[in-house]
Each structure stands twice: as C-alpha cells, then as structure tokens.
Amino acid sequence: MPTVQAVSTSTVSPWGSGVLPLPLMGRNTRGNIMVTAIEKFLSGKQLEGKPVRVTDTRLRYSPANSKLEKMYDDPEIMEFLGNRKIYSLDLLSGHTCPFAKDCHSKVVKHRDGSKSIKDGKHTKFRCYSASLELARDNVYQLRKRNTDTITSCKDADDEVAAEIAFNMMNNSLPSDAGIVRAHTGGGMKWRWYFMAWIKLARANPDMLFYAYLKALPYWVEFINEIPRNFVLTASRGGTADHLIDEYGLREAVVVFDEDKAAELGLEIDTDDSHACKPWRREQSFALLIHGVQPAGSDASKALSKLRKRGDK
C-alpha cells in the first residue's frame, strides 16, 4: 500500500491533528444569503469564453431525513450538537455520480413531462435516492435546482469554480446547522466540487461534515488536505474500488442480509452514526439493502426476505 505522509500542525483542534481552517469568508449567522458579488460575477463574467447565466445562487439544504433523524437519539451526537440540527445538501442521484457502478440509477424526464428510473448496465441494486426522486416530485425539483446551481460553476478553472461553489454552499448554510451530510442524494461529480467541500469544512471548524464517496480519485488526490471535521467513507461498488484496498480507505459495503455483514466482520449502520462520528473514521461498516428494487432481481428478493422478518 502506498505511504501517505500525514500533515502536521502545532495547533490542536477538537478533531485532533489535521489541516487548519483557512481564513475564508464566514457564513451569515442569520442564515440568509450574501452573494451579491457572486451573482454579479456569474451573471456578467465570461468563463473560458462561455457566458454563465445564474439568476439565484442560493442552495437548499434539507433537514435530516428519517434515517438521519435517528442520530438525535444518540447521546454522543447530541452532546456535540447541543441545540443545533442535522442537514444534508443534495443533488440529483445518478446524474452527479460518474464513479457509480453497482447502484447507478437515475431519474430521466421524458418529452411528455413524465419521469422514469433508468438503471445502469452494471446496476446490481437500485439507488434508494433515485427511487425517492421518482416518487416525490418536490424532492426531484429541489435536487435539480441545486444541481443546476452548482453546475453553473463548471466552466471556470478548478480553483475559481471551487471558490464560487464554496461561497454558494457556505452562504446558504442554515444558521443552526451542526452536522451536514454531503448528499443523501447525488455525488461528487467534479474535482472542484470536492475541493469546495474541503473549503466548507475548513471554514466551519465547529461543525461536522461527512460523506459517502465513490469519487475516490478525489479523496486520494487530496488525502493530506482533508480537515478532521470532514469524515469520509468509501462507498464500495463503484468504478474506483481498487483505491479502497490500495490506500486502506474506510468503507461501507451494502449487504443483502445480516449474515453477510457478520461474514465480513462488519457492524451494520442503521442511523448514519458510524458514517459521521469522527472517532469511527477508521472503522468500516455495512449497510443493509433498502429502497425500491427492480422486480425479480437478487436485491428485490433479499429485500423481500428482510421485510418478512421485519428488518426493513
């Protein structure tokens, strides 16, 4: 396994050693957006010869879903949160997941306005988040809007795009946010977008950020620049899985039953607490298959068995 040189620092943070926060723009404590300069930049500046047209650069963070809400019952997490809350920033599933393989599914919109799920040719189990976008139009619309807004940064070079995206994300943060998951839907489509998340964590050292990641080349590239309050989990089942073993990355593995998790020696995470707790950052874990699965598939049969036992 390649040797990874740790970044040293003389300053101790609540998260242990790691990259120090950068002196970047702070977020508005009222939770309102302050992006006049960004909007002016995006609406008027030519980026690499291409005009960028964005009329509203606000992003919508979502309150904790039913799974993440379970963390409010965890004493360790509540000791950290206090009166703050858990949020996620979500993009369109599949459309923003270029490294997905086993779970690659996305909602496609047809000319008549209807929508359907499209699975990838290597899909073994359908993405729960994509199924949710098909079932709930308000979820689809919110994520599409966030995706369109973030995508508006892509024509700049990576450093500029990362700074613009960071400011969008930072200035849109709810004022009572304490823990933020990067994506209950969607993924790290662009290198500069991953850079923006690193900036966001550095700029808010009193908050905790975490993510499941199939965009492993970005993790590996920036492995010595990720702050301690940004907790990552490699999501096995993507096109870059070899990097999990090569770099010894902590991972989450989707299993069809508890016996498989036991065989792998992995605990099952049912509330995202394994994923987000910094002191578990070296511990891999399993996730039980969930969501709506294609009829007749192995995933569907496994899910049916779990539901009959009352596990799902």
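Look up: the structure comes first, before these words.
Given the structure is predicted, the values throughout are model-derived calculations rather than measurements.

About the cut-offs
Residues numbered from 1 in each chain as written. Predicted model: local features only at pLDDT ≥ 70, side-chain atom pairs only at ≥ 80, totals over all residues. Heavy atoms only, no water. Pairing = 2+ DSSP bridges. Helix = DSSP H or I, 4+ residues; strand = E, 2+ residues; numbered from the N terminus. Expected span 1.5 Å × (residues − 1). Buried < 20%, exposed > 50% of the residue type's maximum accessible area, 1.4 Å probe, protein only. Phe/Tyr/Trp six-rings, centres within 6.5 Å; stacked < 30°, edge-to-face > 60°. Lys NZ or Arg CZ within 6 Å of the ring centre and 35° of its normal. Axes fitted to C-alpha atoms, helices over the stretch in contact; angles between N-to-C directions. Parallel < 35°, antiparallel > 145°, perpendicular 65-115°, else oblique. Left-handed = near helix turned anticlockwise from the far one by under 90°. Contact = heavy atoms within 4.5 Å. Nonpolar A, V, L, I, M, F, W, Y, C, P; charged D, E, K, R; others polar. Salt bridge = Lys/Arg side-chain N within 4 Å of Asp/Glu carboxyl O. Right-handed = clockwise from strand over helix to strand, strands pointing away.

**Student:** Explain the pairing of strand β6 (residues 115-119) here, please?
**Tutor:** One face of the sheet, then the other: side chains in a regular strand alternate in exactly this way. Relative to β6, strand β5 (residues 105-109) is paired through five bridges, and the arrangement is antiparallel. Note that in β6 the partner of K106 across the bridge is K118. Two successive antiparallel strands, β5 and β6, enclose a turn made up of five residues, where G113 displays a positive phi of approximately 95°.

**Student:** Where do I start with helix α7 (residues 191-203) in this structure?
**Tutor:** An α-helical segment advances 3.6 residues per turn. Residues three or four places apart therefore align on the same side. Over its 13 residues, α7 extends 19 Å from the first C-alpha to the last, a length consistent with the 18 Å expected when each residue adds 1.5 Å. Burial analysis of α7 places twelve of its 13 residues in the buried class, the great majority of the element. Every buried residue of α7 is listed here: W192, Y193, F194, M195, A196, W197, I198, K199, L200, A201, R202 and A203.

**Student:** What is the right way to look at the packing of aromatic side chains in this model?
**Tutor:** The description of two aromatic rings rests on the distance between their centres and on the angle between their planes. This model, assessed by the stated rule, comprises eleven aromatic pairs. Ring geometry for Y193 and W197: centres 6.3 Å apart, planes at 75°, overall edge-to-face. Of this pair, Y193 and W197 both sit in helix α7, separated by four residues, roughly a single helical turn. With a relative accessible area of 0%, Y193 lands in the buried category. Take W197: its relative accessible area is 0%, and that puts it in the buried class. Ring geometry for Y212 versus F285: centroids 6.1 Å apart, planes at 75°, classification edge-to-face. One end of the pair, Y212, is in strand β8 (residues 208-213); the other, F285, is in strand β11 (residues 285-288), with 73 residues separating them in the sequence. Per residue, the accessibility class of Y212 equals that of F285, and both read buried. Through a chain of ring-to-ring contacts, the aromatic side chains of F99, W190, W192, Y193, F194, W197, F209, Y218, F222 and F230 assemble into a single cluster. One residue, K115, lies across the ring of Y140, its end atom 5.0 Å from the ring centre.

**Student:** Sorry if this is basic, but what is going on with the packing of helix α6 (residues 158-172) against α7 here?
**Tutor:** Helix-helix packing is characterised by the crossing angle of the two axes and by the distance between the axes. Closest axis-to-axis distance for the α6/α7 pair is 8 Å, and the angle between their directions is 50°. With respect to each other, α6 and α7 are oriented oblique. Crossing handedness for the pair α6 and α7: right-handed. Across the interface between the two elements, D158, E159, A161, A162, E163, A165, F166, M169 and N170 of α6 pack against R191, W192, Y193, M195, A196, W197, K199, L200 and A203 of α7. Its residues assigned to classes, the contact of α6 with α7 shows twelve nonpolar, one polar and five charged.

**Student:** Is there a simple way to think about unusual backbone geometry in this case?
**Tutor:** A negative phi angle characterises most non-glycine residues, just as the trans form characterises most peptide bonds. One non-glycine residue, H183, lies in positive phi territory at about 80°. Relative to the assigned elements, H183 resides in the loop between β7 (177-182) and α7.

**Student:** Help me understand the pattern of salt bridges, please; the structure alone is not making it clear to me.
**Tutor:** In a structure, side chains of opposite charge can pair up when their charged atoms sit close to one another. Taken as a whole, this structure holds 20 salt bridges when the rule is applied. Put simply, D272 and K67 hold a salt bridge, and the shortest N to O gap is 3.4 Å. Placement of the pair is D272 in the loop between α10 (258-264) and α11 (273-276) and K67 in helix α2 (residues 66-69), with a sequence separation of 205 residues. On the basis of relative accessible area, K67 is assigned to the partly exposed category, the value being 23%.

**Student:** What is the right way to look at the environment of T239 in this model?
**Tutor:** Along the chain, T239 turns up in the loop between β9 (230-235) and α9 (242-247). Using a relative accessible area of 46% as the deciding quantity, one classes T239 as partly exposed. On a C-alpha basis, the gap between T239 and L216 in space is 9.0 Å, while along the polypeptide they are 23 residues apart. Each residue touching T239, except ones within four places of it in the same chain, is listed here: P98, F99, A100 and K101.

**Student:** Looking at this structure, I do not really get the pairing of β9. What am I missing?
**Tutor:** Taken across its six residues, β9 has six buried, putting it largely inside the fold. Across the two faces of β9 the burial is the same, with F230, L232 and A234 and V231, T233 and S235 all buried. Strand direction decides the pairing type here: β8 and β9, joined by five bridges, are parallel. Paired with A211 across the strands is L232, a residue of β9. Handedness of the β-α-β unit built from β8, helix α8 (residues 216-221) and β9 comes out right-handed. Pairing geometry for β9 and strand β10 (residues 251-255), over two bridges, is parallel.

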